[in-house]
Each structure stands twice: as C-alpha cells, then as structure tokens.
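Below are the chains, spelled out letter by letter.
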Amino acid sequence: MNGWDWIHWLIFVVVILGFALSMIIVFIWTERKVIGRFQLRRGPNRVGPMGVLQAFADFIKVLTKEDIVPAKADRWVHLLAPIVAFVPALLVLAVVPFRDGSILADLNIGILYVVAIGALGVVGIFMAGWGSNNKYSLISAMRTAAQVVSYEVPVVLSIVGVILITGSLSMVTIVHEQQVPFILLQPLGFLIFFLGTTAEINRSPFDLLEAESEIVAGFHIEYSGMKFALFYLGEYAHAVAASAVITTLFLSGWKGPVLPPVLWFLIKVGFVFWLFLWMRSTLPRLRVDQLMGFAWKFLLPLALFNVFLTGAEVLLWEEKMASWGNFPWPFLFLNLALAGGLIVLWSKFFRLGGGRVEV
Amino acid sequence: MTTALSGQEVSRQIGERFPDAVLQSDEAAVVLRGESLLEVAQFLKATPGLEFDYLTSISGVDYLDYLEVVYHLTSMKNNHSLVLKVRCWDRDKPSLPSVVSLWRGADLQEREAYDLVGIAFSGHPNLKRILLWEGFEGHPLRRDYL
Amino acid sequence: MMELKTEPVVINMGPQHPSTHGVFRMRVTFDGEVIVDMEPVFGYLHRGIEKLAEERTYTQVIPLTDRLDYVASMTNNHAYVLAVERLAGITVPERAEYLRVIMDEMMRISSHLLAVGFLLNDMGAFFTPLMYMFREREKLLDLFEMVCGQRLTYNYMRIGGLSHDIPPEFLPALNRFVQEMPHFIDEYDQLLAENEILLARTKGVGVLSRELAINASASGPVLRASGVSWDIRKADPYSVYDRFKFQVPIGTAGDIYDRYWVRIQEMRHSVRILEQAIKGLPSGEVMAKVPPLLRPPQGEAYAHIESPRGELGFYVVSDNSIAPYRLHIRAPTFINLTTLRDLVIGWKLADAVAVFGSIDIVLGEVDR
C-alpha cells in the first residue's frame, strides 16, 4: 500500500458519492417524469425547466419537516435504521467499474461482495419495521425478511452461470470477458437476476413491503423529515446500484461502439432503470404467498437448470469444441430457445401461490 | 315487470295456515302481528308460488302511536314483490323477532333499524349500534327525537 | 425444544387507510398474514340524511340525495324523484324520461370506470389503470358540466322531470363520446383482462356463492357476478328502459374477476343504451306541471332503480305535508357489505383489500 492508493481511494470515494447522489436525483426526476408519461399526465413541470429541480424542492421541504419519533418506539433502532438501509447501496457501487480501470476496488471476489453487501439493506428495513412499534411496519418488516431470504437464492444461482463462463468473480474481468453481452448468452440468467433484483430492491410488482393500498407505507410509516428522506434516497440508491450491477453482469458494462465508455455505462444503467419503471407503472402487485411461490417454484428451478446447462456447455466447449472458433455461437441460440421454451412451459405447469386457508 | 302481489290475496294464503297472524291487509301491504312474523316469513319464503327469496329492504318508521317495520320482499324466481309490515306499540321497549336466520340480508338492515329507530330484534346475532357510536343516547329517526 | 408463543394481531384498517375508499373501518384479526376474523365498523360519514330530509320540502331533498353516492349522484336523484312521483302520481314527459336514462347510463359508465380503476389501484397497479379510466371519466364529467354546471353533485332531476333541458351542444358531444367509447373499453380489456398477475390475484378469490348472494340481499354487479340474472332495468323496468335492447352480463364464479368483468361488460351495454336513447330522443317539454310546494297525498311509496352499485331504493312516507314524513334509503353498497366477512376470512391481507375494492362501496351511501 502506498500513497497513490490512498489518493486513488479518496478520489473514487468522492466520485462514487457524487455519482450516486447525482444519479439518485436524476432517477427521481426520471421516475416521476416517465411514470407520468405512462399515466397520461405530465409529471412534475413547475420547479425549473421541465421540473428538473423538483427533487431539490422536495428535499428542502422534507428537511424542514419535524422529526417525529413515536413515543413507544425503540429510539436507537428507529434512528439507525435509515442509515443502515442507505449505506449498503453506496458500498455496492465500490466494485462497479465505470470504465476500464475506473473502479474504487477491483476485488477478486467482487460479485460475492455485491451479493453480501446488497442484502444488508434489508437489515435496515427490518430495524425500521421493528423499531417503529407499529403493526403495519411490523408486517412490512416480516414481509421484507421473507422476501429477501427467498429471492437471494435464485439471484445467487443465476450469477453462477456468469461466473462459470468467465471463470472469475471480479467485476472487471466479467466485463472484459463479454464479447457479446451476457444477456444473449445467459437469457435465463438475466431474467432471473433481473426479477430477483427487482424483488430485492422492493420495486413493483414485488413492492410488498411498501404496498400502499395494504399496509399504508410499510416500514417507513412512522418516519418523517430527514429520516424519511434517507429511506427515500436509499430506495433509489439501491435502484442505482442494482441497475449498475445488472449492467456490469449482463449488459457488458462500459463496452460499446463509438460513444465513450462512461456514457455507454450510463446509458445502460438508465435503460435498466427504465425497465424497472416500466414494470412499476404497468403491473399490479403480487400477493405475499404468490411472491414466495414465484421465487421457490418458478425462479429457483429455472436457476438451477440454468446452472447445470451453463456448466455442461462450458465443459463441452472447452473439451470438445474449442476448435470451432473463439465464441460459442451455437450455445447462444440454444440458450435463447431454451429460455423461451422453458418460461412458457413452466408458466403453464405451476400455480402462483396458494388459495384460501381454513381458519 | 315485477308484479306487486295484492296484500289481501297473500293474507288469505297466510290466514289459511296461520289464522291469527294477519292484523289487517289491503292492496298494498300485509300487516302482521309481531310475534308471528318469523313463522309467516318462513312460510312466505318456502311456499311454492310465493318463494320470496330476496329481502329487498327493511325500513323502520315511527308513527308516534306505534313503530312500524316495513319489509319489502321480492321473489327473483317469480318476479313478484310484497310489502310486509309489522307494528310495535310499546315505544319504550319495542321488540320484534329477527329474520336474519331466513335472510342474511337483514343483518345490517336490522341493526340500522335498531340504531336509528330503536326497535330491538330478538334473535339477531350481533345487535348493536351501527351508524352511530356505542353510547349514543336516543334513536334519531323517531319523530319525537329533538 | 421451546414452544414459541404466538397470538393473533388485531389491526384497525381504517378509518384512515388508503384503500378503504373513504372512512370505513375494518377491525381485522390476523394470524400472520391470514385473516381469521373481521368486523366492519360503519358510521364515520353518517350525516343523518334521512333525518335531515324530514325537515325539508320534497324538492329540497334532491340536493341531499346528491351527497349519498357521490360518485353516481344522478342515479340517486333519479331514484328519489321516482319514489316521489310514484307517491304523488305524477307522469313525467317522455323527453325527460329519455334524458334521465341517458344521464343514468352516463353515470353508470363513469362510476364503473372509477370502480375498476380503483380496484386495480387497490391491487397495487400504481395508478396507471386509474389514470386511463380518468381520461374517459373526465369527458363524461365535462358532459355533465355542460348539462347542469356541476361535476360531482348534479342536482339535475326534479320531481316531474328535469330542472332544464339539455343545451344544444350536448348531443353532438355525447355522440362523439358514444362513438369512441367502445374503442376505449377494448383498450382496457387488452391492458387488463389477460394480465397474469391480475388473474392470479382475482380468479377464485373472494367467491360469493349464488345462494349466499341472494340470501344476503346483494345487488348490482356483485349479485350478477355470482351468476344471478337480476337487473332492475330488466326485471322491473322504470323510466323507458323497456324500450331499449341491451343485455345483462352475468358472471359464473362470483369472484373478484367476475365482478371486474361484469362491470367492464356493463359499460359496453350502457354505451348501446346511450346510442339507442340518443336516436329515440323525442322533442317536447322536460318538466311536468308540478305545484311548487308539493303535498303528496297521505301514503307511502317505494321506488327502486339499478344504480351502478346495485338496487338503490327510496321508501317515502307522506303525511300530506310539504316534507316527507319518513325517507328511508335502501343503500345497495351498505347491504352488499353484509357478506364482507364471509368473503375475506381465510384470505390474506392483500385479498381483503381487493375484495373490498371489488364490492365498490361509496361511503356517502353506506353511512348516509
């Protein structure tokens, strides 16, 4: 470790903080604007040109609000929860390469780190749900815990496919190895990872922990002022992190023709986020048992199958067909066809969740 | 078109089975004795040709001399209707048998009549105030309220 | 191993809750997410309209009826004036009858749009379906505004007819709406009807059996979704409904999906009635000769109509004075709530919200 390392880290901490915060503000604006468009309305258009300053106006408003702590809340848990929920999202960005070499820390276990840290956010949410001493937030906390535990399994398994192909856990290597984006080589893996991540960052149709029409606001029902804002920002920070990770794993990160790499990276992150928005503005919410059923009965078998399939393909390619060329084109088409066929087949076979419970 | 059955016609049929159930009857309605309401209702619901399977509405009316409960019955099968009335002369403790056991639809309506007009329906599974809060004094839809 | 002690949780959903459509309260007992008991609590919006009506002249009651089912005020007007007309023996001019039918059907479309939109909203579709529905509802509200200057509480019908004739620009605008509405209904169908999540959330959930539906005096789309072909417009035609050709869509399963489906189909048929009514609209007066201070003869009358939410009935008793002696309102959604407990027991928290949304209540009418 020498002095340059320290400067590198210092610069990148600032860069990542700046990146995360500016992306959050851009995303908030995009979300409101895009969903407005989906809903045949204009979205924010009063503060600044096209409403771009709306987020700042909201921020100032939230800052001036009274910070309310319920009388019977667990004060410390209540206080720490927003911080615990917010920070992991920033930590995840530490291993995401913005372009070749532009990364805070190229960990050789990068993707493992993402999975481990990414799941920490749920602790903050659980703390909020528990610490608020509110029944709705408690239900929300329980839902989140169950949801994240369930979805972590298919998500990790779907990453295994990528790791098998690249033979590395490092995020930079994964991007380097992508001659074509892995979304084409691993369509099933991408879908599972995308849906699983949607569930983990609690976006619709898996936003059961906020479920406005059921449990009002879920875990942040008792939060106001800056603490609430931290949750709000945390939600978007998680979305930014998730989009960045998906971009790195499946959309070949910064790679792309003509445009500079960083711009490509941003475009892809924006696109992934737009997919989240699309789902949010069109789909109704799943029920809690259907949510679990979806993870265990639908995503998990497919993820397992994907691991076996990818493993077999990697073996086959390296042992038998390495002389065919430097890219496994036949597998690309095979995987696309299999993914389509399996999804159609599986959806015919299984039922989402249970029915009525006798009480 | 829903035919409104003649009260006299129906009261004749009731009278064959329950001789002193009907208090009076005219074209529009049949007025029953309170204590025989339940068995007559049972009769009206089950007898072929009448088959009043649908309890449209229960309205409590205060006529100062007596309290009246009006049952609008409909038969979906035969598409005819009947107006059934029951009276209570005791203003302090008016009580009538509940018809919830025959028509579930009476559940909330009887509670409403109890709440606003103050008629207690004996045999109702959950007779308490519905629109006003527990502990409210009086029954506002009586004519002598206020 | 230690036995973990568990106990059910009681949650008051409402009166302040986003999906109780106002100020309804459900006292729900949960075992985890499963509902083991539910008790509806009413009355947070009770304004004593029936009592207020006893101190007003017959015409002055009409604005009160607007405040019952405030999503479909015009049908409330209609039911009330129908009861008083029956009581006083007043015949309404034909043009007024046709216009009443037009208003009722417009009201039905507008109300069903809201019902379906909010049902989807309750199921967590983040406002998008609702906004699509609002687009068409807005056009209807504009039409109502054209007719009577109001968008919510119309106060348009009078005993013996209507307060005034429609303006000349109304019919062309309505015609345009009738032309384009079927296309929009198709659009809703495409957006919603085969959505996998919607089907998973609604099919087989909150089933109200045919027998229970009749026995519990359910009415309107809730009754028809359970497979009972009972529509006051057909069974006991009022106004000029017997002159129009239309069908009454009925469901089969009686679940949330069928209630949703019945509403969508009813909109189609309402459009057809509107078409026919516009074509057949006669010219002439819209108001019968009615004394300004009406004193109906002593007696009573019950009139019911098929409001968007079910059988809306008014029972009016007259003592030959200028004010009703007693006015009782048979509020359809109030009675539809009788079976709410049976529908949600054993289902999850989220289903309770969806079932509740599918009954489509308006608190102004439930609590009166």
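Placed above this text is the structure.
The rules we used
Residues numbered from 1 in each chain as written. Chains lettered and ligands numbered in written order. Predicted model: local features only at pLDDT ≥ 70, side-chain atom pairs only at ≥ 80, totals over all residues. Heavy atoms only, no water. Helix = DSSP H or I, 4+ residues; strand = E, 2+ residues; numbered from the N terminus. Rg over C-alpha atoms; globule rule 2.2 N^0.38 Å. Buried < 20%, exposed > 50% of the residue type's maximum accessible area, 1.4 Å probe, protein only. Contact = heavy atoms within 4.5 Å. Areas by Shrake-Rupley, 256 points an atom, 1.4 Å probe, with all protein chains shown as cover. Lys, Arg positive; Asp, Glu negative; His and termini not counted. Charge placed at Lys NZ, Arg CZ, Asp CG, Glu CD. 1 Å grid on protein atoms, 1.4 Å probe; cavity = no way out; pocket = protein on both sides within 12 Å on 5 of 7 lines; lining within 4 Å. Points joined across faces, edges and corners; volume = space filled by probe spheres on them. Nonpolar A, V, L, I, M, F, W, Y, C, P; charged D, E, K, R; others polar. Pairing = 2+ DSSP bridges. Axes fitted to C-alpha atoms, helices over the stretch in contact; angles between N-to-C directions. Expected span 1.5 Å × (residues − 1). Bend = angle between axes of the 7 residues up to and from the residue. Salt bridge = Lys/Arg side-chain N within 4 Å of Asp/Glu carboxyl O. Buried area = accessible area lost by both parts, 1.4 Å probe. Phe/Tyr/Trp six-rings, centres within 6.5 Å; stacked < 30°, edge-to-face > 60°. Lys NZ or Arg CZ within 6 Å of the ring centre and 35° of its normal. Polar contact = N/O pair within 3.5 Å; in protein donor to acceptor, adjacent residues only side chain to side chain.

If you tally the helices and strands in chain B, you get three helices and eight strands. Its helices and strands taken in sequence order, chain B reads β-α-β-β-α-β-β-β-β-α-β from the N to the C terminus. Here the C-alpha atoms of chain B give a radius of gyration of 15 Å, agreeing with the 15 Å that 2.2 N^0.38 yields for 146 residues. Reported as C-alpha extents along the three principal axes, the dimensions of chain B are approximately 45 × 30 × 25 Å. Within chain B, the proportion of its 146 residues that are buried is 60%. Contacts in chain B between residues at least 24 apart in sequence constitute 47% of all its contacts with a sequence separation of at least 6. As displayed, chain B offers around 6200 Å² of accessible surface, 50% of which is attributable to carbon and sulfur atoms. Averaging the locations of the 15 positively and 21 negatively charged side chains of chain B gives two centres separated by 3 Å.

This next bit is on empty space enclosed by the protein. Residues and elements named next belong to chain A. Counted under the stated rule, the structure contains four cavities of 30 Å³ or more. Within this model, the largest cavity holds a volume of roughly 420 Å³. Around the largest cavity sit 28 residues that line it, and Gly118, Ala119, Glu200, Ile201 and His238 are the ones nearest its centre. Listed by contribution, the elements that provide at least two residues to the lining of the largest cavity are helix 3 (75-92), helix 4 (110-118), helix 5 (121-131), helix 6 (135-166), helix 9 (187-200) and helix 11 (225-250). Ranked by residues supplied to the lining of the largest cavity, first place goes to helix 11 with seven residues. Of the residues assigned to the lining of the largest cavity, the class counts are 18 nonpolar, six polar and four charged.

Bringing the pairing of strand 8 (residues 326-330) of chain C into the picture now. As a general feature of sheets, a regular strand has side chains that alternate between the two faces. Residues and elements named next belong to chain C. Among the five residues of strand 8, five are classified as buried, and the element is accordingly described as predominantly covered. What you see with strand 8 is no split at all: Arg326, His328 and Arg330 on one side and Leu327 and Ile329 on the other are buried throughout. The sheet contact formed by strand 7 (residues 310-318) and strand 8 spans five bridges and is antiparallel. Following the sheet pairing, phenylalanine 314 is matched in strand 8 by isoleucine 329.

This part takes up the sheet that holds strand 3 (residues 34-41) of chain C. Residues and elements named next belong to chain C. The three strands lie next to each other as 1-2-3, forming an open sheet whose pairing is antiparallel. Two strands in the sheet have a free side with no partner beyond their single neighbour: strand 1 (9-13) and strand 3. Adjacent strand axes in the sheet meet at a mean angle of 20°, parallel and antiparallel pairs treated alike.

This paragraph deals with unusual backbone geometry. In this structure, asparagine 133 of chain A is a non-glycine residue whose phi angle is positive, near 55°. Residue placement: asparagine 133 of chain A occurs in the loop between helix 5 and helix 6. Among the residues examined, asparagine 133 of chain A registers a relative accessible area of 48% and is labelled partly exposed. The phi angle at asparagine 320 of chain C is positive, at roughly 65°, despite the residue not being glycine.

A few words on helix 6 (residues 170-192) of chain C. All names here are of chain C. The end-to-end C-alpha distance of helix 6 is 31 Å, a good match for the 33 Å that 23 residues give at a rise of 1.5 Å each. Approximately 35° is the largest bend angle found in helix 6, and it occurs at glutamate 180, with the proline proline 182 only one to four residues beyond. Of the residues making up helix 6, those classed as buried are Phe170, Ala173, Leu174, Phe177, Val178, Met181, Phe184, Ile185, Tyr188 and Leu192. Considering only its buried residues, helix 6 is in contact with helix 4 (94-122), helix 5 (128-148), helix 7 (196-202) and helix 11 (256-280).

Within this structure, the stated rule accounts for 48 salt bridges over all chains. A salt bridge links lysine 128 of chain B to glutamate 39 of chain C, with the nearest nitrogen and oxygen atoms 2.8 Å apart. Here lysine 128 of chain B is found in the segment after strand 8 (120-122), whereas its partner glutamate 39 of chain C is found in strand 3 on a different chain. Overall, the relative accessible area of 24% leaves glutamate 39 of chain C in the partly exposed class. Of the charged contacts in the structure, one is a salt bridge between glutamate 136 of chain C and arginine 135 of chain C, with a shortest N-O distance of 3.2 Å. The exposure class of glutamate 136 of chain C is buried, given its relative accessible area of 0%. Bridged by salt links that share partners, the residues Glu105, Arg108, Arg224, Asp231, Arg233, Glu266 and Glu306 of chain C form one connected network.

Taken together, the contacts link 39 residues of chain C with 31 residues of chain A. Carbon and sulfur atoms make up 62% of the surface buried where chain C meets chain A, a total of about 3100 Å² over both sides. Taken together, the connections running from chain C to chain A amount to three salt bridges. Between aspartate 289 of chain A and lysine 348 of chain C there is a salt bridge, and its shortest N-O distance comes to 3.9 Å.

The next thing to look at is the packing of aromatic side chains. Aromatic ring pairs: the centre-centre distance and the angle between the two ring planes describe each pair. Throughout the structure, instances matching the rule amount to 33 aromatic pairs over all chains. Ring geometry for tyrosine 151 of chain A versus phenylalanine 206 of chain A: centroids 5.6 Å apart, planes at 55°, classification tilted. Taken together, the residues span a long stretch of sequence, with tyrosine 151 of chain A in helix 6 and phenylalanine 206 of chain A in the loop between helix 9 and helix 10 (212-215) at a distance of 55 residues. Their ring planes at 40° and their centres at 5.5 Å tell us that tyrosine 63 of chain B and tyrosine 66 of chain B sit as a pair that is tilted. Among the aromatic side chains, those forming a connected cluster through ring pairs are Phe190, Phe193, Phe194, Phe250 and Phe276 of chain A. A cation over an aromatic ring shows up here: arginine 143 of chain B above the ring of tyrosine 325 of chain C, its NZ or CZ 4.3 Å from the ring centre. Over the aromatic face of phenylalanine 246 of chain C sits the side chain of lysine 234 of chain C, whose NZ or CZ is 4.4 Å from the ring centroid.

Here we take up the interface of chain B and chain C. At the junction of the two partners, chain B supplies 43 residues and chain C supplies 39 residues. Summed over the three residues of chain B that lose the most area to chain C, namely Tyr54, Arg104 and Leu131 of chain B, the buried surface amounts to 20% of that side. Seen at the junction of chain B and chain C, the total is five salt bridges. Counting across the interface, chain B meets chain C through 23 residue pairs in polar contact (both at pLDDT 80 or more).

Residue and element names in this part refer to chain A. With respect to the element layout, threonine 198 can be found in helix 9. Among the residues examined, threonine 198 registers a relative accessible area of 0% and is labelled buried. Not counting chain neighbours up to four residues away, the residues in contact with threonine 198 comprise Arg203, Ser204, Phe206, Phe276 and Met279.

What follows covers the arrangement of the chains. Sorting the two pairs of chains in contact by contact count puts chains B and C at the top. What separates chain A from chain B at the closest point of their C-alpha atoms is a distance of 20 Å, and the two make no contact.

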